[in-house]
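One letter stands for each residue in the lines below.
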Amino acid sequence: AAWAIPSHALAQNLPPALAALMREGRYLPIYLAALKGARDSGLPPSQVAAMVGDEKLALLHAADAAAALDTFDDVRAEPALGAIRRMATGRRVVILNESHSVSRHRTFLAAVARGLRKDGFTHLAAETFTNSPTSAPLVEALVAGSQVDARHGTYLMDPVFAEAVREALALGYRMTPYEQRRDQRSIGGIAEREQAQAENLLIQIRQNPQARFLVYVGFSHLREAPDEQGNRWFAERLAAMLGENPLTVTQASTGSFAPLASDSPLASQILEKLKPRSSVVVSRKGHIISAEHWAADLAVFHPEMPYRKGRPGWLVADPMRHPVRVRVPQTLTQPFLVQASHVTDASTAIPADQCIGSPAQRDYTLLLRRGAYRLQLETSDARHEIGRLEVR
């Protein structure tokens, strides 16, 4: 409870000490504080854990209680990417959600962005993008090869998220901030934030009438109908003002988190019986299973992918990434992270990949897209460059 933050809190509302560390591109001090349960961090330990690749902590409370189906007759699975692209035909807006502690959701964002770019989508709007008179221009100015760092958004500190944005930039997407601004805050609360978000994105859509937007949100922001408390969320408000029905896709409501967290009874049943090898949308008699949980059009179930090479199986399976063996030059007894950063980036940039070091281990696998990288170790007090490499 000490780490809890209101669901309507702005992602960029951080304590000064944490914000300073993020601006410096530092991870280990934040992570060590999270392990100790520090009360002044401003981010839940699960979100910090996702940033450094500690999935065990990140997914500690991710289990979902969705009940299994009483009968499995007429249940069908369709590849999720195919379903999204098919149902996005003719729509200007596709909204995909995430859990802020699940890095796998962010690699699925990258896959969706790849597919929708082929279909003419042009803009990536994300809840995490900072939106102020000084920060919004920085986000909007991002192009292929730009440095991505904490100035552009707090959740981007997860290297998986940052790489998804870098890939989208390389594909030609334009980045679009739409978060509630400080000048739009008055009484606070869900309604005020959701309305501000919808109004901000609506301006962008109307200014770019030929554009198509992939919008990446957290949790309930994609709801197209009021929740049990009567709250009306971003997607419902945007649809009403735009006069169009966006395609909404939830991956945060299906409870598929294995192997490091318990899947929901529903996800376990579906994955056990259908044994999908990739992410799927599941239906029965035309009804999309689990989508109604957050009043969405589609719901994505991710298959269990055991760890390989000491890294998450879903990250190893990313076709854009290549495994690279990294040897730590000496045995370290203090905590450290093994990182690879783009050589053109400053030390404040978000790494392309990183993993937690172990005193008993010298060899690690990093998963990198094509490019040139600086290899480094981050200890509690500094970074130490240990080499460079190029992935072809």
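Criteria and thresholds
- Residues numbered from 1 in each chain as written.
- Predicted model: local features only at pLDDT ≥ 70, side-chain atom pairs only at ≥ 80, totals over all residues.
- Heavy atoms only, no water.
- Helix = DSSP H or I, 4+ residues; strand = E, 2+ residues; numbered from the N terminus.
- Rg over C-alpha atoms; globule rule 2.2 N^0.38 Å.
- Contact = heavy atoms within 4.5 Å.
- Areas by Shrake-Rupley, 256 points an atom, 1.4 Å probe, with all protein chains shown as cover.
- Lys, Arg positive; Asp, Glu negative; His and termini not counted.
- Charge placed at Lys NZ, Arg CZ, Asp CG, Glu CD.
- Buried < 20%, exposed > 50% of the residue type's maximum accessible area, 1.4 Å probe, protein only.
- Arc of directions from axis to C-beta.
- Phe/Tyr/Trp six-rings, centres within 6.5 Å; stacked < 30°, edge-to-face > 60°.
- Lys NZ or Arg CZ within 6 Å of the ring centre and 35° of its normal.
- Salt bridge = Lys/Arg side-chain N within 4 Å of Asp/Glu carboxyl O.
- pLDDT = per-residue confidence, 0-100.
- Core = buried A, V, L, I, M, F, W, Y, C linked by side-chain atoms within 4.5 Å.
- 1 Å grid on protein atoms, 1.4 Å probe; cavity = no way out; pocket = protein on both sides within 12 Å on 5 of 7 lines; lining within 4 Å.
- Points joined across faces, edges and corners; volume = space filled by probe spheres on them.
- Nonpolar A, V, L, I, M, F, W, Y, C, P; charged D, E, K, R; others polar.
- Axes fitted to C-alpha atoms, helices over the stretch in contact; angles between N-to-C directions.
- Parallel < 35°, antiparallel > 145°, perpendicular 65-115°, else oblique.
- Left-handed = near helix turned anticlockwise from the far one by under 90°.

Novice: Hey, could you run me through the overall build of the protein in this one?
Specialist: Within the protein one finds twelve helices and 15 strands. The C-alpha radius of gyration of the protein comes to 20 Å, within 12% of the 21 Å expected for a compact globule of 392 residues. In the protein, once contacts between residues fewer than 6 apart in sequence are set aside, the share between residues at least 24 apart is 74%. Total accessible area on the protein stands at roughly 16,400 Å², and carbon and sulfur atoms take up 52% of it. Of the charged side chains in the protein, 45 are positive and 40 negative, and the gap between their average positions amounts to 5 Å.

Novice: Teacher, can you tell me more about helix α1 (residues 16-23) here?
Specialist: Since the α-helix turns once every 3.6 residues, residues separated by three or four places project in the same direction. Those residues of α1 that fall on the buried side of the exposure criterion are Leu18, Ala19 and Met22. Down the axis of α1, the buried side of the element spans an arc of 100°, and every buried residue falls inside it. Away from its buried face by more than 90 degrees, α1 exposes Pro16, Ala17 and Arg23. Structurally, α1 contributes buried residues whose contacts are with α2 (28-35) and α3 (45-52). Looking one or two residues beyond α1, the residue adopting positive phi is Gly25, at roughly 75°.

Novice: Help me understand the packing of aromatic side chains in this model?
Specialist: To describe a pair of aromatic rings, one takes the distance between the centres and the angle between the planes. Counting across every chain of the model gives four aromatic pairs. Across the ring face of Tyr173, the terminal group of Arg117 is positioned such that the distance to the ring centre comes to 5.7 Å. The ring of Phe72 is capped by Lys273, whose NZ or CZ atom sits 5.7 Å from the centre of that ring.

Novice: Would you mind going over the environment of Glu24 with me for this structure?
Specialist: With respect to the helices and strands, Glu24 occurs in the loop between α1 and α2. Take Glu24: its relative accessible area is 42%, and that puts it in the partly exposed class. Considered as a pair, Glu24 and Pro226 are 202 residues apart in the sequence and their alpha carbons are 40 Å apart. Not counting the four nearest positions on each side in its chain, Glu24 is found in contact with Ser347, Thr348 and Arg383.

Novice: Help me understand the pattern of salt bridges, please; the structure alone is not making it clear to me.
Specialist: Here the idea is simple: oppositely charged side chains can pair when their charged atoms come close. Overall, the coordinates contain 23 salt bridges when judged by the stated rule. Arg114 serves as the salt-bridge partner of Glu167, at 2.4 Å between the closest nitrogen and oxygen. Taken together, the residues Glu167 in helix α8 (residues 159-171) and Arg114 in helix α6 (residues 103-118) connect sequence positions 53 residues apart. Per residue, the accessibility class of Glu167 equals that of Arg114, and both read buried.

Novice: How should I be thinking about the confidence of the model for the protein in this particular structure?
Specialist: Detailed conclusions should not be drawn from predicted coordinates in areas where pLDDT is low. Scored by pLDDT, the protein comes out at a mean of 93, with 95% of its residues at no less than 70. Taken as a whole, residues 1-11 scores under 50 in pLDDT and shows 23 contacts with residues more than four places along the chain or in a different chain.

Novice: Can you walk me through the nonpolar core in this structure?
Specialist: Considering soluble globular proteins, one finds that nonpolar side chains tend to be buried as a cluster. Among the nonpolar cores identified, the biggest contains 60 residues, and Met22, Leu116, Val165 and Met175 are the most heavily contacted of them. Discounting chain neighbours no more than four positions away, the residues touching Leu116 are Ile84, Arg85, Ala88, Val94, Phe121, Tyr173 and Leu214. In terms of nonpolar packing, the next biggest core, distinct from the first, is built from 20 residues, Phe213, Val215, Ala235 and Ala252 among them.

Novice: How should I be thinking about empty space enclosed by the protein in this particular structure?
Specialist: Unoccupied space between atoms shows up once a probe the size of one water molecule is rolled over them. Inspection of the entire model under this criterion finds three cavities of 30 Å³ or more. Counted as a void, the largest cavity has a volume near 70 Å³. Lining the largest cavity we find Glu55, Leu59, Val102, Arg104, His105, Ser256, Phe257, Ala258, Pro259, His302 and Trp314. Residues belonging to the lining of the largest cavity are distributed by class as follows: six nonpolar, three polar and two charged. Put simply, the second largest cavity is a space of about 50 Å³.

Novice: Explain the packing of α2 against α3 to me, please; I cannot follow it from the model alone.
Specialist: Packed helices, taken two at a time, are described by the angle their axes make and the gap between the axes. For the pair α2 and α3, interaxial distance at closest approach is 9 Å and the crossing angle is 140°. On the basis of the axis angle, α2 is oblique to α3. The interaxial crossing formed by α2 with α3 has left-handed handedness. Contacts from Ile30, Tyr31 and Ala34 of α2 reach α3 at Pro45, Val48 and Val52. In terms of residue class, the contact of α2 with α3 is made up of six nonpolar, no polar and no charged.

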